[in-house]
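# What the coordinates show
Residue-level listing of the chains:
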Protein chains: 2
Amino acid sequence: MSASKESGVRTAADALRDYCAGILGGVGVPDDQAALVAHSLVEADLRGVASHGSNLVALYVSRIRAGSMQPRTEIRVIDDQGATLQLDGGLGPGQVAGVHAIDRAVERAREYGVAAVSVRESTHLGALGYYTLRAAKEGVFAMAFQNGPTIVPPFGGITPVFSTNPVSYAVPAGAEAPIVYDVATTAIAGNKLILARKQGDPIPEGWASDERGVPTTDPHRASIEGLQWFGGHKGFGIAMLVEILAGLLTNSSFGRTEIGDSAFTGRERVAKGYLFLALDVSRFLPLDEFRQRTDTLIRDVRDSEPAQGVERVLVPGEIEHRRWLECSKRGVPLPAALLAELEALGAEFGLGAIPRPAD
Amino acid sequence: MSASKESGVRTAADALRDYCAGILGGVGVPDDQAALVAHSLVEADLRGVASHGSNLVALYVSRIRAGSMQPRTEIRVIDDQGATLQLDGGLGPGQVAGVHAIDRAVERAREYGVAAVSVRESTHLGALGYYTLRAAKEGVFAMAFQNGPTIVPPFGGITPVFSTNPVSYAVPAGAEAPIVYDVATTAIAGNKLILARKQGDPIPEGWASDERGVPTTDPHRASIEGLQWFGGHKGFGIAMLVEILAGLLTNSSFGRTEIGDSAFTGRERVAKGYLFLALDVSRFLPLDEFRQRTDTLIRDVRDSEPAQGVERVLVPGEIEHRRWLECSKRGVPLPAALLAELEALGAEFGLGAIPRPAD
């Protein structure tokens with residue numbers, strides 16, 4: 001059994017995928033859909049994004065049991081005009097509609113050059129970078145925009161209007177790994193504030209305000225509804241962009257307005273709506289040449305002389321890709337509590353222990 | 001003569017436009033193109049964005065005289081595949097190719113749903129918001145991405161790789177003014193640093209570093225090549241997005257790589273390349289309904305309770321729109337030095353004084 005104090009128990013990615021899929025299958029998710037959801041979650045684990053990894057299986061199970069997530073995803077076409085496509089995600093695990101949607105976006109971008117695919121009535125999507133990277137691996141540039149529960153106020157305000165409004169893009173590369181940008185437009189995600197409270201550490205300036213909107217570094221005075229946008233008004237403008245493309249345009253709920261006939265809203269849903277934009281770079285220059293240029297830009301960044309105190313200059317997604325390489329080889333580190341949670345769920349469906357690789 | 005100490009002399013927008021067009025005509029810009037460039041510049045003045053206003057006429061004249069900007073713009077189609085279109089801007093004033101390109105983007109978005117129009121071999125574009133707002137007024141959502149001279153290092157580095165990489169989007173609204181986002185992806189534009197030096201004021205944290213990459217609030221230690229991205233690594237990721245869409249994809253120069261056969265590069269050009277993305281919102285929902293939803297979102301933001309110390313909560317472009325309304329009525333305030341500069345140029349071409357509205 002491979003274990004370390006810092007990173008927990010390491011499990012092989014394929015064994016973890018099968019296990020997560022087994023649990024999801026146990027609550028009625030069809031095999032192919034369960035495999036797809038599990039793949040998305042374990043990719044996040046491999047990339048070191050534990051918040052969007054197998055950690056979410058228990059949440060999905062509880063939502064399926066509570067009836068706020070459908071085990072079997074039925075995707076419905078609302079409107080198809082070629083370069084634009086509107087889908088209904090059937091309130092299944094967001095990954096099923098998400099993968100379907102990004103694959104359509106890639107296919108339509110190849111046909112028309114540019115394409116926009118929207119999804120409404122979906123649920124938790126996992127990491128947006130999973131979808132944009134999937135397109136980039138196919139040689140297609142993609143962007144993703146998603147809105148969600150109304151918890152974050154506009155810049156300068158204290159009334160919740162927005163979610164943490166994540167945005168992602170990914171860029172095909174050649175010898176280098178694709179560039180993958182995948183961020184919340186808030187300075188931090190809410191769970192980092194909760195962690196700082198548990199640890200009693202002061203939080204950096206610019207993370208959050210108290211309930212009156214006064215900036216604070218005290219994690220106990222800081223409010224979840226006081227999360228700040230990255231880069232002040234400029235980051236807020238990006239959050240507005242996300243709200244418009246993911247909410248208004250997709251006929252989903254947006255701001256403080258609920259749209260649609262779903263009984264499940266707000267935090268129960270996580271994704272209100274999302275939009276994928278895809279662009280076939282080969283319409284502009286040969287794909288191989290584009291890939292080489294991406295490599296050149298990556299190396300321009302990486303070869304920049306570092307500022308004082310900086311170890312290395314990074315491109316978006318580089319840390320996560322290194323982590324993916326390392327964990328694909330050495331296994332996914334899972335905290336003991338998560339392992340216990342998964343195995344307790346697995347036991348309900350006759351699954352044994354998650355196999356540990358021999359050390 | 002209308003004048004105030006704070007805002008300089010006020011001139012009527014139409015008179016200022018005619019005067020700027022007259023100067024540009026004097027150095028050989030065809031009448032229709034001169035009118036178009038002047039319109040873009042005076043719109044920026046009206047919106048209070050003086051850095052992109054009639055202030056630029058002298059620069060354009062000097063570049064045309066030096067031969068690094070062509071007076072007569074000949075736009076060439078490099079490749080036309082319907083939803084994607086590549087143009088050559090003929091190294092004329094960027095506004096001529098820019099307006100042509102955004103109009104094509106609107107037209108193609110209406111035809112295909114989504115469209116991408118790229119321009120290379122162009123020059124200074126003025127404010128990007130001018131183009132996206134033009135599309136939004138037509139009921140089409142648009143985004144703009146532009147790269148430029150290699151002056152700003154990547155996040156964590158000190159070797160220049162990027163420009164200030166502006167990005168803009170604009171959103172059709174109904175009773176409200178369109179949302180217009182138009183920002184440099186650096187925390188500030190370089191001219192604000194130069195102004196702080198002149199005034200001897202300390203600069204806010206996060207604006208700039210010294211030449212070793214050490215953050216500083218001393219405007220004299222701060223380096224123009226040490227401009228920081230808005231919101232740290234998250235803002236840097238937006239700058240990368242701009243570099244990829246405006247540079248790599250458009251077959252223009254990017255990062256530290258020069259591409260193309262132009263003799264004019266770097267700061268002489270300002271725009272290396274740019275891309276407009278346009279999306280016909282009526283493919284997703286009736287335009288009137290979209291407009292109403294934009295209004296609702298704008299009001300959700302505006303009606304948010306302000307944080308302590310904040311007077312009012314704003315949407316992107318709101319301040320500029322208010323300024324536009326005020327200046328359209330009361331005239332464009334021009335500093336005395338700018339007025340003198342314009343009239344000295346005008347005198348070379350037999351133009352008299354810029355008419356001042358009667359007070």
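As the structure is a prediction and not an experimental result, all values here were calculated from the model. (Residues numbered from 1 in each chain as written. Chains lettered and ligands numbered in written order. Predicted model: local features only at pLDDT ≥ 70, side-chain atom pairs only at ≥ 80, totals over all residues. Heavy atoms only, no water.)

### Let's talk about the overall build of chain A
When helices and strands are tallied, chain A shows 10 helices and 12 strands. In summary, chain A has a C-alpha radius of gyration of 20 Å against a globular reference of 21 Å for 359 residues, a match within 12%. With respect to the three principal axes, the spread of C-alpha positions in chain A is 55 × 50 × 50 Å. Across chain A, every contact between residues at least 6 apart in sequence was considered, and the portion connecting residues at least 24 apart equals 66%. Approximately 13500 Å² of chain A is accessible, and the part contributed by carbon and sulfur atoms is 50%. When the 35 basic and 43 acidic side-chain charges of chain A are each reduced to a single mean position, those positions are 1 Å apart. (Helix = DSSP H or I, 4+ residues; strand = E, 2+ residues; numbered from the N terminus. Rg over C-alpha atoms; globule rule 2.2 N^0.38 Å. Contact = heavy atoms within 4.5 Å. Areas by Shrake-Rupley, 256 points an atom, 1.4 Å probe, with all protein chains shown as cover. Lys, Arg positive; Asp, Glu negative; His and termini not counted. Charge placed at Lys NZ, Arg CZ, Asp CG, Glu CD.)

### Re the sheet that holds strand β11 (residues 273-280) of chain A
Residues and elements named next belong to chain A. Ordered in space as β3-β4-β5-β11-β6-β7-β8, the 7 strands form an open sheet in which the pairing is mixed. The sheet is open, and its two edges are formed by β3 (76-80) and β8 (179-183), each paired on a single side. Pairs of neighbouring strands in the sheet enclose a mean axial angle of 15°, with direction left out of account. As judged from the 5 bridges shared by strand β7 (residues 167-171) and β8, these two strands associate in the antiparallel manner. (Pairing = 2+ DSSP bridges. Axes fitted to C-alpha atoms, helices over the stretch in contact; angles between N-to-C directions.)

### Some thoughts on the side chain of B:Thr185
Residues and elements named next belong to chain B. Within the fold, Thr185 resides in the loop between β8 (179-183) and α6 (190-199). We classify Thr185 as buried; its relative accessible area is 0%. Residue contacts for Thr185: discarding those within four places in its chain leaves Thr164, Asn165, Val167, Trp229, Phe230, Gly235, Ile238 and Ala239. (Buried < 20%, exposed > 50% of the residue type's maximum accessible area, 1.4 Å probe, protein only.)

### Some remarks on the sheet that holds strand β4 (residues 84-88) of chain B
Residue and element names in this part refer to chain B. Sheet architecture is open: 7 strands sit in the order β3-β4-β5-β11-β6-β7-β8, paired in mixed fashion. Lying at the two open borders of the sheet, with one neighbouring strand each, are β3 (76-80) and β8. Each strand axis lies, on average, 15° off the axis of its neighbour in the sheet, ignoring direction. Two elements, β3 and β4, share 4 bridges in a ladder whose sense is antiparallel. Across the sheet, Arg76 pairs through a bridge with Asp88, a residue of β4. Along the sheet, helix α5 (residues 129-137) makes contact with β6 (140-146), β7 (167-171), β8 and β11 (273-280), crossing β7 at roughly 20°.

### Comments concerning the relation of the copies chain B and chain A
Superposing chain B onto chain A takes a rotation of 180° plus a shift of 0.0 Å along the axis, which leaves an RMSD of 0.0 Å. Taken together, the rotation angle and the small translation identify this as a two-fold axis. Nearest to the rotation axis, the C-alpha of B:Gly231 is located 1.8 Å from it, this being the minimum over chain B. A symmetric contact is evident, with 100% of the interface residues of chain B recurring at the interface of chain A. (Least-squares fit on C-alpha atoms with pLDDT ≥ 70 in both.)

### A closer look at helix α2 (residues 31-46) of chain B
All names here are of chain B. With 16 residues, α2 should cover 22 Å at 1.5 Å per step; its first-to-last C-alpha distance of 22 Å lies within 8% of that length. Turning to α2, its buried residues are Gln33, Ala34, Val37, Ala38, Ser40, Leu41, Val42, Glu43, Ala44, Asp45 and Leu46. The elements touched by buried residues of α2 are α1 (13-26), α3 (57-66), α4 (94-112), α5, α9 (318-330) and β12 (332-334). (Expected span 1.5 Å × (residues − 1).)

### A word on the packing of aromatic side chains
Counted according to the given criterion, the structure contains 17 aromatic pairs over all chains. With centroids separated by 5.5 Å and ring planes inclined at 55°, the aromatic side chains of A:Tyr274 and A:Phe276 adopt a geometry described as tilted. The same class applies to A:Tyr274 as to A:Phe276, namely buried. When the ring of B:Tyr169 is compared with that of B:Tyr181, the centres are 5.0 Å apart and the planes differ by 25°; the resulting orientation is stacked. With a gap of 12 residues between them, B:Tyr169 in strand β7 and B:Tyr181 in strand β8 connect regions that are remote in the sequence. (Phe/Tyr/Trp six-rings, centres within 6.5 Å; stacked < 30°, edge-to-face > 60°.)

### Considering the interface of chain B and chain A
Facing the 79 residues of chain B at the interface are 79 residues of chain A. Carbon and sulfur atoms supply 69% of the area that chain B and chain A bury against each other, a total of about 6400 Å² over both sides. On inspection of chain B and its partner chain A, the count reaches 2 salt bridges. Note that A:Arg212 and B:Glu305 form a salt bridge whose closest N and O atoms lie 3.4 Å from each other. Taken together, the links from chain B to chain A amount to 37 residue pairs in polar contact (both at pLDDT 80 or more). (Buried area = accessible area lost by both parts, 1.4 Å probe. Salt bridge = Lys/Arg side-chain N within 4 Å of Asp/Glu carboxyl O. Polar contact = N/O pair within 3.5 Å; in protein donor to acceptor, adjacent residues only side chain to side chain.)

### Describing the domain arrangement of chain A
All names here are of chain A. Segmenting chain A into domains produces domain 1 (1-66 + 321-359) and domain 2 (75-186 + 229-303). Relative to domain 2, the C-alpha centre of domain 1 lies at a distance of 25 Å. On the domain 2 side, the residues contacting the 13 residues of domain 1 number 15 residues. In this assembly, domain 1 packs against domain 2 so that about 1300 Å² is buried in total across both faces, 65% of it on carbon and sulfur atoms. Counting across the interface, domain 1 meets domain 2 through 3 residue pairs in polar contact (both at pLDDT 80 or more). If you list the elements that add at least two residues to the side of domain 1 that touches domain 2, you get α2 (31-46) and α3 (57-66). With 7 residues, the top contributor of residues to the side of domain 1 that touches domain 2 is α2. Classifying every residue of the side of domain 1 that touches domain 2 gives 5 nonpolar, 5 polar and 3 charged. (Domains from an automatic or database assignment. Nonpolar A, V, L, I, M, F, W, Y, C, P; charged D, E, K, R; others polar.)

### With respect to empty space enclosed by the protein
Overall, the coordinates contain 4 cavities of 30 Å³ or more when judged by the stated rule. In this model, the largest cavity occupies a volume close to 90 Å³. A:Val114, A:Phe141, A:Met143, A:Leu277, A:Ala278, A:Leu279, B:Val114, B:Phe141, B:Met143, B:Leu277, B:Ala278 and B:Leu279 together form the lining of the largest cavity. Broken down by secondary-structure element, the contributors of at least two residues to the lining of the largest cavity are β6 (140-146) and β11 of chain A together with β6 and β11 of chain B. Looking at side-chain class alone, the lining of the largest cavity contains 12 nonpolar, no polar and no charged residues. The computed volume of the second largest cavity comes to approximately 70 Å³. Along its surface, the second largest cavity is lined by A:Met143, A:Phe145, A:Val167, A:Tyr169, A:Tyr181, A:Ile238, A:Leu241, B:Met143, B:Phe145, B:Val167, B:Ile238 and B:Leu241. Mapped by element, the contributors of at least two residues to the lining of the second largest cavity are β6, β7 and α7 (232-248) of chain A together with β6 and α7 (232-248) of chain B. In the lining of the second largest cavity, the residues fall into 12 nonpolar, no polar and no charged. (1 Å grid on protein atoms, 1.4 Å probe; cavity = no way out; pocket = protein on both sides within 12 Å on 5 of 7 lines; lining within 4 Å. Points joined across faces, edges and corners; volume = space filled by probe spheres on them.)

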